[in-house]
Amino acid sequence: MADTEIVFHAKGLGYTYLDRYPALDDVSFQIRRGERIALLGANGSGKSTLLKILDGLVFPTSGELSAYGQPLTEESLADPAVNARFRSRVGIVFQNSDVQVFSATVREEIAFGCLQLGLSAAETAARTADVLDMLEIEDLTDRTPFLLSGGQKKKVALASVLVMNPEVILFDEPTAALDPRTQHWLIDLIAQLGEAGKTVVLATHDLHTLADLTDRAIIFGENHRVLADTQTRAILADRSQLIAANLIHDHEV
Amino acid sequence: MTARVLKPAPAWLVSSEQPIGPGRVGRRKRAAFLEKTLGDGAEVVRRAMYAESADPRGDRPGVLFRIDPRIKLVALVVLLLGVALVHTPVTLAVVYLGLVLLAWAGGVSVGAFVTRVWLFVPLFTAVALAPATLSVITPGEVLVPLWTWHGAQEGITSQGLTSAGLVILRVACSVSLVLLVTISTSWNRLLAALGALGVPRIFVMVIAMAYRYLFVLLGSVLDMVLARKARTVQPVAHTAGDRRFVGAAVGTLLGRAGHLSEEVHQAMTARGYAGQHHTLTGFRASGLDLLALAASLMVAVVIVGGDHLLR
Ligand SMILES: Nc1ncnc2c1ncn2[C@@H]1O[C@H](COP(=O)(O)OP(=O)(O)OP(=O)(O)O)[C@@H](O)[C@H]1O
Ligand SMILES: [Mg+2]
């Protein structure tokens, strides 16, 4: 397979918070363009940390990571051109949408990323309108994101990433806090994005939608290492891995 | 590896026992002072900063809203300098009235503008200045005798009052000027203007970050107050517990502040932020802007000059 097809290549990634709290240990994998991957693991196993590393927001304390064939490091991202290119290709939806909304109005919030990356004001405004319409949140346009409900904030956070139309989207528990109808809608959307050829990496605890949304699953153990990396269907069929990761237990139907 | 099944819940949790509570229904206690203040304070600041962090939303925004933010910032600096050079209370009082008039003409809600200024000014200045009005500190003609010292009347002097008034008015004018700019300019445009005027990127970034997580923090304060309220069954013995709560809350907040500022910054970085602000509506200097610039320069000259004549 051509090297350009490999989006992320991780070799022995390790991450420790404050030199004390391990979050990832010796994690290796490759992610190819267009793959739809689930990150599974019990609370605290390191999923969110891995997503932030993949998005170049924190940097591994050991091991190596490359994105699109280039090393993804603090130094490489210090180059504004490299940074802009990477940011426009890879988007992340945070687990905590409180931190992801920071502008004075929803409109500015959604426009933020496109403007930072140099899209014209007219184009940005048009795209913003499209996303507002798609998410059915036009009535929130002039509201202040901080003062919205949890689910509304999540929608704004989603909109602010989708509007940039990234090739790779990292989702950290995207359906948490959404009402059932919106959850369904989002699952459909993620499925559509996958069909459109986007690379989707999804940290989730929702095993029911897993088979629809992803083809491959990486399971993290409570020792912060990769426990299994295989087809989603295989993992769902053979429940022993899920049990070993403390994701489900024996009696669960 | 053996699967660890969730531990069974303790019996008391799954029994149908009565919830913990006072044996009898107690009198309703007045809300704990500190707790209330903490919550109210957060809410007040949140409102003050958001209610009108106005982008021109109405059909026809006031003239102040339409001036280019860069011009507003330059005018602000010029007028602040002017105010700093004034030495008589009369001139400052005139300037202040002028500012209120400007707010009214410029489409800013006068009520909110005036209350916001006088909410902060007395708080920060009056208390600090009170001693300066006394004859022991500012000798002079005693207006309000308070006590005698070695046969001499001591009390509040007219000279003391004048100098205190001067400081209060100057602060009021300066705060008003800053408010006029911040009320009539959306935050992102203000930051973009700072950048356009050559303020170093790192400063703009620090200001932006401080402002952004202030709100996340305020949310945390409110949540903590509510979370505590939800767990407090019987609000007795306020004071000691309150102080402990506030102490612990402040500690937690500081920890959270660091963590949140980091996460907010990550969220901004993830969307391409590198210290430069870009906004939806670009800058364009119009006739109105030039007029505003010229007017502010002239006003600064007039107040400083007029003040010299008055002295
Ligand atoms: N800022 C931080 N400081 C210190 N330790 C942290 C920090 N963030 C996470 N950790 C620790 O790192 C480990 C991995 O955390 P992470 O958030 O990546 O887990 P997760 O798999 O996303 O969990 P969840 O399913 O609960 O979201 C945890 O043990 C956590 O306590
Ligand atoms: Mg997580």
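The structure presented is a predicted model; accordingly, all values stated were derived computationally and were not measured.

### Points about the overall build of chain B
Helix and strand counts for chain B come out as eleven helices and two strands. Counting from the amino terminus, chain B carries its helices and strands in the arrangement α-α-α-α-α-α-β-β-α-α-α-α-α. Counting all 311 residues of chain B, 38% fall into the buried class. Sequence-distant contacts, at least 24 apart, represent 74% of the contacts inside chain B between residues at least 6 apart.

### Some remarks on the nonpolar core
Among soluble globular proteins, nonpolar side chains are generally buried collectively. In terms of nonpolar packing, the biggest core is built from 41 residues, with F8, F29, L39, L50, L54, L65 and L170 of chain A touching the most fellow members. The contacts of L170 of chain A, once residues within four sequence positions are left out, are L51, L54, D55, V90, G91, I92, V93 and V201 of chain A. F65, L179, L190 and A292 of chain B belong to the second-largest nonpolar core, a separate cluster that totals 38 residues.

### Re the packing of helix α4 (residues 69–85) of chain B against helix α8 (residues 187–196) of chain B
All names here are of chain B. Interhelical geometry of α4 versus α8 gives an angle of 70° and a closest axis separation of 8 Å. One element, α4, and the other, α8, form an angle in the roughly perpendicular class. Here P69, R70 and L73 of α4 come into contact with α8, specifically with R189, L190, A193, L194 and A196.

### Focus: the coordination of the magnesium ion (ligand 2)
All names here are of chain A. Protein ligation of the magnesium ion (ligand 2) involves S48 (OG) and Q95 (OE1), the donor distances falling in the range 1.9 to 2.2 Å. Taken together, the positions of S48 in helix α1 (residues 47–54) and Q95 in the loop between β6 (90–93) and α4 (97–100) put the pair 47 residues apart, joining distant regions of the chain. Among the residues examined, Q95 registers a relative accessible area of 39% and is labelled partly exposed.

### A short note on unusual backbone geometry
Residue and element names in this part refer to chain A. Its identity is not glycine, yet N165 carries a phi of approximately 45°, on the positive side. Mapped onto the secondary structure, N165 falls in the loop between α7 (150–162) and β7 (168–172). By relative accessible area, N165 is classed as partly exposed at 44%. One non-glycine residue, H224, lies in the positive phi region at around 70°. The residue H224 is located in the loop between β9 (216–220) and β10 (226–231) in this model. Assessed through its relative accessible area of 12%, H224 is described here as buried.

### Some thoughts on the sheet that holds strand β2 (residues 21–32) of chain A
Residues and elements named next belong to chain A. The strand order across the open sheet built from four strands is β2-β1-β4-β5, with neighbouring strands paired in antiparallel fashion. Here the strands that pair on one side only, and so sit at the sheet edges, are β2 and β5 (70–71). Across five bridges, the pairing between strand β1 (residues 6–17) and strand β4 (residues 62–67) is antiparallel. Looking across to β4, one finds that K11 is bridged to E64. In the packing of α1 onto the sheet, the strands contacted are β1, β2 and β4, and the crossing angle to β2 comes to about 55°.

### Quick notes on the pattern of salt bridges
The final tally for this structure, using the stated rule, is 14 salt bridges over all chains. As a salt-bridge pair, R271 of chain B and E109 of chain A come within 2.5 Å of each other at their nearest N and O atoms. Here R271 of chain B is found in the loop between α10 (238–270) and α11 (287–310), whereas its partner E109 of chain A is found in helix α5 (residues 106–116) on a different chain. Each member of the pair R271 of chain B and E109 of chain A is classed as buried. Residue E136 of chain A pairs with R181 of chain A through a salt bridge whose shortest N-O separation is 3.6 Å. Separated by 45 residues along the polypeptide, E136 of chain A in the loop between α6 (121–134) and α7 and R181 of chain A in helix α8 (residues 180–195) bring together distant segments of the chain. Per residue, the accessibility class of E136 of chain A equals that of R181 of chain A, and both read exposed. Sharing partners across several salt bridges, the network here consists of D25, D26 and R225 of chain A.

### A closer look at the sheet that holds β10 of chain A
Residues and elements named next belong to chain A. With respect to topology, six strands assemble into an open sheet ordered β6-β7-β8-β3-β9-β10, the strand pairing being mixed. Looking at strand neighbours, the two that pair on one side only are β6 and β10, the edges of this open sheet. Going across the sheet, the axis of each strand differs from the next one's by a mean of 15°, ignoring polarity. Both β9 and β10 contribute to a ladder of five bridges, which runs antiparallel. Directly across from A217, in β10, lies its bridge partner T230. Contacts from helix α3 (residues 80–89) reach β6 and β7 within the one sheet, and its direction differs from that of β6 by about 55°.

### A few points about empty space enclosed by the protein
Tallied over the entire structure, the rule returns two cavities of 30 Å³ or more. For the largest cavity, the calculated volume is near 50 Å³. Lining the largest cavity are P174, T175, I187, I190, L202, T204, D206, T209 and L213 of chain A. In terms of residue class, the lining of the largest cavity is made up of five nonpolar, three polar and one charged. Of the volumes computed, that of the second largest cavity is approximately 30 Å³. Considering the residues around the second largest cavity, the lining is formed by V90, G91, I92, V161 and M164 of chain A together with A270 and R271 of chain B. Per-element tally for the lining of the second largest cavity: the top contributor is β6 of chain A, with three residues.

### Some thoughts on the site of ligand 1
Around ligand 1 there are 16 residues in total, and G44, K47, S48, T49 and H205 of chain A lie nearest to it. Chains contributing residues to the immediate surroundings of ligand 1 are chains A and B. A distance of 2.7 Å separates an oxygen atom of ligand 1 from a polar side-chain atom of K47 of chain A. At 3.0 Å, a side-chain N or O of Q95 of chain A approaches an oxygen atom of ligand 1. Protein contact buries 71% of the 640 Å² of open area that ligand 1 shows by itself. Secondary structure elements with two or more residues in the shell around ligand 1: β2 and α1 of chain A. Across the shell around ligand 1, the residue classes break down as five nonpolar, nine polar and two charged.

### With respect to helix α5 (residues 89–105) of chain B
All names here are of chain B. Between the first and last C-alpha of α5 there are 24 Å, a value that for 17 residues agrees with the 24 Å anticipated at 1.5 Å per step. Of the residues making up α5, those classed as buried are T91, L92, V95, Y96, L99, V100 and A103. Note on α5: the residue one or two positions beyond its end, G107, has a positive phi of about 90°.

Conventions we followed
- Residues numbered from 1 in each chain as written.
- Chains lettered and ligands numbered in written order.
- Predicted model: local features only at pLDDT ≥ 70, side-chain atom pairs only at ≥ 80, totals over all residues.
- Heavy atoms only, no water.
- Helix = DSSP H or I, 4+ residues; strand = E, 2+ residues; numbered from the N terminus.
- Buried < 20%, exposed > 50% of the residue type's maximum accessible area, 1.4 Å probe, protein only.
- Contact = heavy atoms within 4.5 Å.
- Core = buried A, V, L, I, M, F, W, Y, C linked by side-chain atoms within 4.5 Å.
- Axes fitted to C-alpha atoms, helices over the stretch in contact; angles between N-to-C directions.
- Parallel < 35°, antiparallel > 145°, perpendicular 65-115°, else oblique.
- Donors = N, O, S within 2.8 Å, 3.2 Å for Na, K, Ca; no water.
- Pairing = 2+ DSSP bridges.
- Salt bridge = Lys/Arg side-chain N within 4 Å of Asp/Glu carboxyl O.
- 1 Å grid on protein atoms, 1.4 Å probe; cavity = no way out; pocket = protein on both sides within 12 Å on 5 of 7 lines; lining within 4 Å.
- Points joined across faces, edges and corners; volume = space filled by probe spheres on them.
- Nonpolar A, V, L, I, M, F, W, Y, C, P; charged D, E, K, R; others polar.
- Near = heavy atom within 4 Å.
- Polar contact = N/O pair within 3.5 Å; in protein donor to acceptor, adjacent residues only side chain to side chain.
- Areas by Shrake-Rupley, 256 points an atom, 1.4 Å probe, with all protein chains shown as cover.
- Expected span 1.5 Å × (residues − 1).

Honestly, it's all geometry; don't read function into it.
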